[in-house]
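Spelled out, the chains give:
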Amino acid sequence: MSDFVMTIAGDTVPAEDSFGVVNPANGEVFAHAPECTPQQLDAAFDAASKAQRDWKLDEAARRATLLKMADVLLASGGELAPVLTAEQGKPLGDANIEVFAAAIWCQYFANLETPPQVIQDDAEALVEVVRRPVGVVAAITPWNFPLTLAFWKIAPALLAGNTLVLKPSPFTPLTTLKVVELLRGVVPPGVINVVSGGDELGAWMTSHPVPRKVSFTGSIETGKKVALSAAPDLKRVTLELGGNDPAIVLDDADPAVVAKAIFAGAFNNNGQVCSAIKRVYVPEALYDGVVEGLAAQASSIKVGDGTEPDSKLGPINNAPQYERVKELVADALSHGATAATGGGPIEGPGYFFQPTILTDLTDGTRIVDEEQFGPALPVISYRDIDDVVERANATHFGLSGSVWGTDTDRAAEIAGRLECGTAWVNTHLALAPQQPFGGFKWSGVGVENGPWGLAEFTEVQVVHRSKSADGLNLNTGGLVS
Ligand code: NAD
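Since the structure is predicted, the reported quantities are computational estimates derived from the model, not experimental observations.

Enquirer: Would you mind going over the packing of helix α2 (residues 59-75) against helix α4 (residues 92-110) in detail, with residue names and values included?
Expert: Two elements in contact, α2 and α4, have axes whose closest approach is 8 Å; the angle formed by their N-to-C orientations is 165°. Judged on the interaxial angle alone, α4 and α2 are roughly antiparallel. In the crossing of α2 with α4, the sense of the turn from one axis to the other is left-handed. Contact with α2, carried on its side by R63, L66, L67, M69, A70, L73 and L74, involves V99, F100, A102, A103, C106, Q107, F109 and A110 of α4 and no other residues of that element. The class makeup of the residues in the contact of α2 with α4 is 13 nonpolar, 1 polar and 1 charged.

This is the structure in structure tokens:
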């Protein structure tokens, strides 16, 4: 594959240098992406800034553009999904779902009503609260869902009247470059600019003087750097960061049923989901049954190259992440854990790892306490529900969590005690464009999606129309109009 270009001001900018992109299914470079220079980044922000002057003026045109973008996406699955599979590793079916999700997000925001709020309308004044765009947005995405997560930013940012400079992960730049190129036909020049490069390009973006907002999805470690870098000129930030989601099984759950669903919540995208289940707490009496169910799922699922039609899980996306998963699993095993199934890499080329269920371990083991972000799941037994809720919360993470049981009122009450942005009952990873998503504690700042996510791409403005000729009374200093 070749021919991946940056789009700045609606046009291709020539690459002065490039970097290789690896197919994780074989570990080989299969394509190159342009390396953005500082001057090209300046040009991208300049283009976004100029484009925003008109873009912010016509809401109807913005909504129409978002709908046209959705149409382009829906027509482009055949072109985009294979690129996504090649650079990310996920099965082709999942790659197609990502393209589809991007279209759905555009359609949702195209149709999201944003009426001004009237907070006073009487003889004295009409006072409205309206939302104004923040300006130019620097959008930075990770490698697990390059397309979906880009559109979680693009769609609301554009509806609100902002323009963007978007940077994908250096591990997965290609689909993002390609989609912005495909959108040139329907998006005015400069409204979406895309640049590619290494991590330092992200740092240049967050410290650049033009953007007024950084919308970042990635690791906690990088998120903290982004917050620091955005602080000197008080850029607005939304940070969607890592998670270590607990799933708590209650004593009235059916082990076979929950094991199947928990497996799906943990191993979606090969475990490379910020809000995947990353540790499972099971009552002692149900422990063996749940482990057996999880191990049966893990040992029977087909792992393989995402281009093979029967592959359900692909490789881990990149070498550092592959090494990290190997290290965390080896650490657990060397501290007394048992692999009910899996436990190590799959022989051969590519970053393939056996779907792994770990037992006989508890909090304090690295794979329980840290975010593994891969196909290995620790299962921990517990006796007391209050104690386990405390253990689930005893972490800097707070992205999401789930509680599993037959009495759903009781499960919901316990879910409500989890310190996290989304608390599911008998499900996990149920996400939707209308549902705000974000983390407590170190898992993030702010939310994406729904009207709440849209609001993060805006500034609040009060428009106060006095209805009396002498609208300002000197003696009250304006407190009463
Ligand atoms: P990462 O933090 O390494 O990289 C994310 C992006 O930030 C990349 O584009 C990278 O090039 C860029 N970047 C790196 N250093 C930067 C800097 N100093 N300044 C600005 N940008 C910089 O994360 P990753 O490894 O690509 O993604 C995995 C992580 O993302 C996991 O922790 C996962 O949980 C998290 N994640 C969170 C969500 C969410 O919505 N909460 C969604 C997906 C992934």
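There is more to say after this.
Enquirer: Quick rundown of the packing of aromatic side chains? Include the residues and the values.
Expert: Scanning the model with the defined rule gives 6 aromatic pairs in all. Measuring from ring centre to ring centre gives 5.7 Å for W152 and F437, while their planes differ by 75°; the resulting arrangement is edge-to-face. With W152 in helix α5 (residues 146-159) and F437 in strand β19 (residues 437-438), the pair connects residues that are 285 residues apart, well separated along the chain. By the burial criterion, W152 is buried, and F437 matches it.

Enquirer: Kindly report on the site of the ligand, identifying the contributing residues and their values.
Expert: Around the ligand lies a shell of 29 residues, among which D199, S219, T222, L241 and E371 are the nearest. Within the side chain of D199, an N or O atom sits 2.7 Å from an oxygen atom of the ligand. Within the contact set of the ligand, a nitrogen atom lies 2.7 Å away from a backbone nitrogen or oxygen of L241. Here the ligand has 850 Å² of accessible area as a free molecule, and 91% of this is covered by the chains. Assessed atom by atom at 2 Å from the grid points, the ligand resides in the largest pocket. When residues of the shell around the ligand are traced back to their parent elements, those giving at least two are α7 (199-207), β10 (213-217) and α8 (220-230). Of the residues belonging to the shell around the ligand, the class tally is 14 nonpolar, 10 polar and 5 charged.

Enquirer: Break down empty space enclosed by the protein for me, citing the residues and quoting the values.
Expert: Going through the model one piece at a time under the given rule, you end up with 4 cavities of 30 Å³ or more. Contributions of two or more residues to the lining of the largest cavity are made by β12 (245-249), α13 (385-393) and β17 (400-404). Considering only residue class, the lining of the largest cavity consists of 6 nonpolar, 6 polar and 4 charged.

Enquirer: Let's hear about α8: which residues, and what values?
Expert: Within an α-helix, residues lying three or four positions from one another point in the same direction, as the helix has 3.6 residues per turn. I220, G223, V226 and A230 are the residues of α8 that are buried. For α8, the buried positions fall inside an angular range of 110° around the axis, keeping them on one side. Among the exposed residues of α8, those oriented more than 90 degrees off its buried face are E221, K225 and L228. Of the surrounding secondary structure, the elements contacted by the buried residues of α8 are α7, β10 and β11 (236-240).

Enquirer: Would you mind going over the sheet that holds strand β5 (residues 117-121) in detail, with residue names and values included?
Expert: If you walk across this open sheet you meet the 3 strands as β5-β6-β22, and the pairing is antiparallel. Every other strand in the sheet has two partners, leaving β5 and β22 (458-466) as the edge strands with one partner each. In this sheet, adjacent strand axes meet at a mean angle of 20° when their direction is disregarded. With 9 bridges joining them, strand β6 (residues 125-133) and β22 adopt antiparallel strand pairing.

Enquirer: Requested: an account of the layout of surface pockets, with residues and values cited.
Expert: By volume, the largest pocket amounts to about 1100 Å³. What lines the largest pocket is a set of 38 residues, and nearest its centre among them are G218, S219, I220, E221 and T222. When contributions to the lining of the largest pocket are tallied by element, the ones reaching two or more residues are α7, β10, α8 and α11 (319-334). A per-element tally of the lining of the largest pocket places α8 first, with 6 residues. Residue composition of the lining of the largest pocket, by class: 16 nonpolar, 14 polar and 8 charged.

Enquirer: Tell me what's going on with the pattern of salt bridges, and back it up with residues and numbers.
Expert: Any two side chains of opposite charge can pair, given that their charged atoms come close. Scanning all chains against the criterion turns up 23 salt bridges. The salt bridge partner of K235 is D233, with a shortest N-O separation of 3.1 Å. Taking the relative accessible area as the measure of exposure, K235 reaches 7% and is therefore buried. Among the residues examined, D233 registers a relative accessible area of 29% and is labelled partly exposed. For the salt bridge of R383 with E284, the shortest nitrogen-to-oxygen distance reads 2.9 Å. Note that R383 is positioned in the loop between β16 (376-382) and α13 and E284 in helix α10 (residues 284-300), a separation of 99 residues in sequence. Residue classification places R383 among the exposed residues on the basis of a relative accessible area of 72%. Here the salt bridges do not stand alone but share partners, grouping R324, E327, R366 and E370 into one network.

Enquirer: Break down the pairing of strand β8 (residues 163-167) for me, with residues and values.
Expert: Counting buried residues along β8, 5 of its 5 residues qualify, which places the element largely inside the surrounding structure. Where burial is concerned, the two faces of β8 agree: the one with T163, V165 and K167 and the one with L164 and L166 are both buried. Alignment of strand β7 (residues 136-140) against β8, held across 5 bridges, turns out to be parallel. Looking at β8, one finds that A139 is bridged to L166. Considered for its hand, the β-α-β crossover made up of β7, α5 and β8 is right-handed. Examined bridge by bridge, β8 and strand β9 (residues 192-194) share 3 bridges and lie parallel to one another. Of the residues in β9, the one forming a bridge with L164 is I192. Tracing the backbone out of β8, into helix α6 (residues 174-182) and back to the parallel element β9 gives a crossover that is right-handed.

Enquirer: Talk me through the nonpolar core; I want residue IDs and the actual numbers.
Expert: With 84 residues, the main nonpolar core has M69, F151 and V195 as its most contacted residues. It is α5 that contributes the most residues to this core, 10 residues altogether. Leave out the neighbours within four places in its chain, and V195 touches M6, I8, C36, L41, A44, V165, L166, K167, P168, L201 and M205. In this structure, V325, V329, A332 and I367 belong to the second largest nonpolar core, which totals 28 residues.

What counts, and at which threshold
- Residues numbered from 1 in each chain as written.
- Predicted model: local features only at pLDDT ≥ 70, side-chain atom pairs only at ≥ 80, totals over all residues.
- Heavy atoms only, no water.
- Axes fitted to C-alpha atoms, helices over the stretch in contact; angles between N-to-C directions.
- Helix = DSSP H or I, 4+ residues; strand = E, 2+ residues; numbered from the N terminus.
- Parallel < 35°, antiparallel > 145°, perpendicular 65-115°, else oblique.
- Left-handed = near helix turned anticlockwise from the far one by under 90°.
- Contact = heavy atoms within 4.5 Å.
- Nonpolar A, V, L, I, M, F, W, Y, C, P; charged D, E, K, R; others polar.
- Phe/Tyr/Trp six-rings, centres within 6.5 Å; stacked < 30°, edge-to-face > 60°.
- Buried < 20%, exposed > 50% of the residue type's maximum accessible area, 1.4 Å probe, protein only.
- Near = heavy atom within 4 Å.
- Polar contact = N/O pair within 3.5 Å; in protein donor to acceptor, adjacent residues only side chain to side chain.
- Areas by Shrake-Rupley, 256 points an atom, 1.4 Å probe, with all protein chains shown as cover.
- 1 Å grid on protein atoms, 1.4 Å probe; cavity = no way out; pocket = protein on both sides within 12 Å on 5 of 7 lines; lining within 4 Å.
- Sits in = over half its atoms within 2 Å of the grid points.
- Points joined across faces, edges and corners; volume = space filled by probe spheres on them.
- Arc of directions from axis to C-beta.
- Pairing = 2+ DSSP bridges.
- Salt bridge = Lys/Arg side-chain N within 4 Å of Asp/Glu carboxyl O.
- Right-handed = clockwise from strand over helix to strand, strands pointing away.
- Core = buried A, V, L, I, M, F, W, Y, C linked by side-chain atoms within 4.5 Å.

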